[in-house]
Amino acid sequence: MMGKVKTVNYKKIIALCFCGMFLFISYFVRAQVSGDYRTRYTDGVNRGWSTVTNWEKYNGSAWATATAVPNSSTTNITVRAGSNLIINGNYSCKNLTINGLVQFYWGSGSTDPAKTLTVYGNVTLSGNADFQTNAANDAARNYIHMLSVYGSIINNANSGHGILFNDYYSSGIWSCIQVRFKGSGKSTWEGTGENDLGGLSISKDNATDTVEIKPNTLLGWGSNNLDGNGFFFYSISGFEHKGILKFGGTFPMITRLGMQTTGPDAVRQLPQISSAANGSNFQLIIDNPNFGITGYGSTTCYGKMVVKQGNINIGNSANNFLQFMDGSSLVVNGGTLTCTGALVYYG
């Protein structure tokens, strides 16, 4: 007895294929909207943000030469593969997608100020994308570029590429690029690309807004062992960190807890858990099994410190202490906390 022969409905298959193609094309059509910008040239030549002819703008149906440079909190920008974009002024955008090269650039004058780029959405890297400083022009400056991000950083650049904010220090001259997370809600830093930073700070709208740092790799000043020269967390007089800073993931990092107030190391220290004026607005959470903090002098805590994973050391001599001010707190849910000197409450 012969079995049943199944028939194939080719019309249905073809219809489904056309439907899939329509959805695929529709996705990419929606990905670009009227008013979006992209770099015009992909020949690997350095071209400045400030030159209007270096840009193309989407008019709703096609890309056309722009009539003004992008500089708005509602504008999406794509740096195409093969493009070398130079940030030679202070600019802003909504979402920044990098597939090529973006560099902060000092300019030609020795007094030329540092540059600021404000991204009101996300910064996304893929392919052979690089986001970096121009070391050749930074060598004679004593300033800090600023990348302010209101959303998240998603760095999935290929191996050997990514966010390479290499820093310069020689004979009392130092320069770096600082990343500052701002705005409301949760922000993350994640992805498989390379990350090498010079400065990191948070200035969120609310004390409950979280910034979680959890990329696959993270370096500060070219190393993940910063015991000799501190950490890349940026702290200066008059600036208050606001929000919840969480070190998650599993990337290896050794840093210090404490503060140097002079020299280039002053910008490479984990903050002293905020200050008296803003203690209730800052939390530090360590939730990374490979994150270690070494002892470095005494530290005063004005906010909240939570240890879930990792190895935390306070002080490097019997005279050092971790001092908790009125309203501050320390919560240890895991990991290890070692205090060489003493834990002190100061009301």
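Just above, that's the structure.
Below, the structure is looked at part by part. Throughout this description, residue numbers start from 1 for each chain and increase along the sequence as written. For a predicted model such as this one, the threshold for reporting local features is a pLDDT of at least 70, and the threshold for listing and counting side-chain atom pairs is 80 or more; totals across whole chains, interfaces and linings nevertheless cover every residue. The basis for every side-chain value is the complete set of heavy atoms in the structure, and neither hydrogens nor water enter the calculation.

1. Considering the overall build of the chain
The secondary structure content of the chain amounts to 2 helices and 31 strands. The classification of residues rests on relative accessible area computed with a 1.4 Å probe and restricted to protein chains. Under 20% of the type maximum is buried, over 50% is exposed, and intermediate values are partly exposed. Looking at the chain residue by residue over its 347 residues, the buried ones come to 46%. Counting only contacts in the chain whose residues sit at least 6 apart along the sequence, the fraction spanning at least 24 positions is 65%. Every helix listed is a DSSP run of H or I at least four residues long, and every strand listed is a run of E at least two residues long, numbered separately from the N terminus. Note on contacts: a residue pair is in contact if any heavy atoms of the two residues lie within 4.5 Å.

2. Some points on empty space enclosed by the protein
Both cavities and pockets are sets of points on a 1 Å grid over the protein atoms alone; in a cavity a 1.4 Å probe fits but cannot get out, in a pocket the set is open with protein on both sides within 12 Å along at least five of seven lines, and lining residues sit with an atom within 4 Å of a point. Grid points are joined across faces, edges and corners, and a volume is the space filled by probe spheres set on the points. Counted according to the given criterion, the structure contains 1 cavity of 30 Å³ or more. The space that makes up the largest cavity amounts to roughly 80 Å³. If you trace the largest cavity, you find it lined by Thr39, Arg40, Tyr41, Asp43, Val45, Arg47, Asn54, Trp55, Ser83, Asn84 and Leu85. Here the residues of the lining of the largest cavity sort into 4 nonpolar, 4 polar and 3 charged. Under the grouping applied here, Gly and all other residues not named as nonpolar or charged are polar, the nonpolar ones being Ala, Val, Leu, Ile, Met, Phe, Trp, Tyr, Cys and Pro and the charged ones Asp, Glu, Lys and Arg.

3. Describing the sheet that holds strand S2 (residues 46–48)
Only when DSSP finds a minimum of two bridges between them are two strands counted as paired. Taking strand neighbours across the sheet as the criterion, the 7 strands line up as S2-S6-S9-S12-S15-S19-S22 in an open arrangement whose pairing is parallel. Whereas interior strands pair on both sides, the edge strands pair on one side only; in this sheet they are S2 and strand S22 (219–220). In this structure, strand S6 (residues 84–87) lies alongside strand S9 (residues 101–104), joined through 4 bridges in parallel fashion. Bridge pairing links Ile87 to Phe104 in S9.

4. Let's talk about the nonpolar core
Counting 52 residues, the largest nonpolar core has Leu117, Phe131, Phe181 and Ile213 as its most contacted members. In terms of residue count, the dominant contributor to this core is strand S25 (residues 282–295) (5 residues). Residues grouped as a nonpolar core are buried Ala, Val, Leu, Ile, Met, Phe, Trp, Tyr and Cys residues, joined through side-chain atoms within 4.5 Å.

5. Here we look at the environment of Leu101
Here Leu101 shows up in strand S9. On the basis of relative accessibility, which here comes to 16%, the residue Leu101 falls in the buried class. Residues within four places of Leu101 in sequence aside, it is in contact with Val79, Ser83, Asn84, Leu85, Asp130 and Gln132.

6. So, the sheet that holds strand S26 (residues 299–301)
On the basis of which strands lie adjacent, the open sheet formed by 3 strands has the order S26-S28-S31 and parallel pairing. At either end of the open sheet lies a strand with only one pairing partner, and these are S26 and strand S31 (342–346). Neighbouring strand axes in the sheet, compared pairwise and without regard to direction, differ in orientation by 25° on average. Of the pairings in the sheet, the one linking strand S28 (residues 321–325) to S31 comprises 5 bridges and is parallel in character. Following the sheet pairing, Phe321 is matched in S31 by Ala342. Under this scheme, a helix contributes an axis fitted over its contacting stretch, all axes are lines through C-alpha atoms, and angles between N-to-C directions fall in the 0 to 180 degree range.

7. Topic: the pattern of salt bridges
It is possible for side chains of opposite charge to pair when their charged atoms get near one another. Salt bridges are identified by distance alone: a Lys or Arg side-chain nitrogen within 4 Å of an Asp or Glu carboxyl oxygen. Under the counting rule described, the total for this entry stands at 5 salt bridges. Ionic pairing is found between Arg47 and Asp43, a salt bridge with its closest N-O pair at 2.6 Å. The partly exposed category is assigned to Arg47, whose relative accessible area is 21%. Accessibility expressed as a relative area gives 46% for Asp43, which makes it partly exposed. In this structure, Glu212 engages Lys246 in a salt bridge whose closest nitrogen and oxygen atoms are separated by 3.8 Å. In this pair, Glu212 is assigned in strand S21 (residues 210–213) and Lys246 in strand S23 (residues 243–247), connecting sequence segments 34 residues apart. The pair Glu212 / Lys246 is uniform in exposure class, with both members buried. Among the ionic contacts, a cluster of salt bridges with common partners joins Lys186, Glu212, Lys246 and Asp287.

8. Here we look at the side chain of Lys246
Using a relative accessible area of 19% as the deciding quantity, one classes Lys246 as buried. Setting aside residues up to four positions removed in sequence, Lys246 forms contacts with Thr210, Val211, Glu212, Ile213, Ile285 and Asp287.

9. Focus on the packing of aromatic side chains
In summary, the pairing rule links any two rings of Phe, Tyr or Trp, Trp by its six-membered ring, whose centres are within 6.5 Å, and it sorts them by plane angle into stacked for under 30 degrees, edge-to-face for over 60 and tilted for everything else. Overall, the coordinates contain 9 aromatic pairs when judged by the stated rule. Taken together, a centroid distance of 4.9 Å and an interplanar angle of 10° make the contact between Trp49 and Tyr91 stacked. One end of the pair, Trp49, is in the loop between S2 and strand S3 (55–58); the other, Tyr91, is in strand S7 (residues 91–93), with 42 residues separating them in the sequence. Every member of this aromatic cluster is reached through a ring pair, and the members are Tyr37, Trp49, Trp55 and Tyr91.

10. Observations regarding the environment of Ser50
Here Ser50 lies in the loop between S2 and S3. Given the relative accessible area of 40%, Ser50 is considered partly exposed. In this view, Ser50 contacts Val69, Asn88 and Tyr91; residues no more than four positions away in its chain are not counted. Pairs of N or O atoms within 3.5 Å make up the polar contacts considered here, provided that, within protein, one atom can donate a hydrogen while the other can accept it, and that residues adjacent in sequence are counted only when both atoms are side-chain atoms. Engagement of the side chain of Ser50 in a polar contact is seen with the side chain of Asn88, the distance being 3.0 Å.

11. Things to note about the pairing of S21
What you see with S21 is no split at all: Thr210 and Glu212 on one side and Val211 and Ile213 on the other are buried throughout. Pairing geometry for S21 and S23, over 4 bridges, is parallel. Considered in S23, the bridge of Glu212 is made with Lys246.

12. Here's the deal with the side chain of Asp287
Within the secondary structure, Asp287 sits in strand S25. Looking at Asp287, its side chain comes within polar contact range of the side chain of Gln309, at 2.8 Å. Beyond its immediate sequence surroundings of up to four residues, Asp287 is in contact with Lys246, Phe247, Gly248, Gly249, Lys308 and Gln309.

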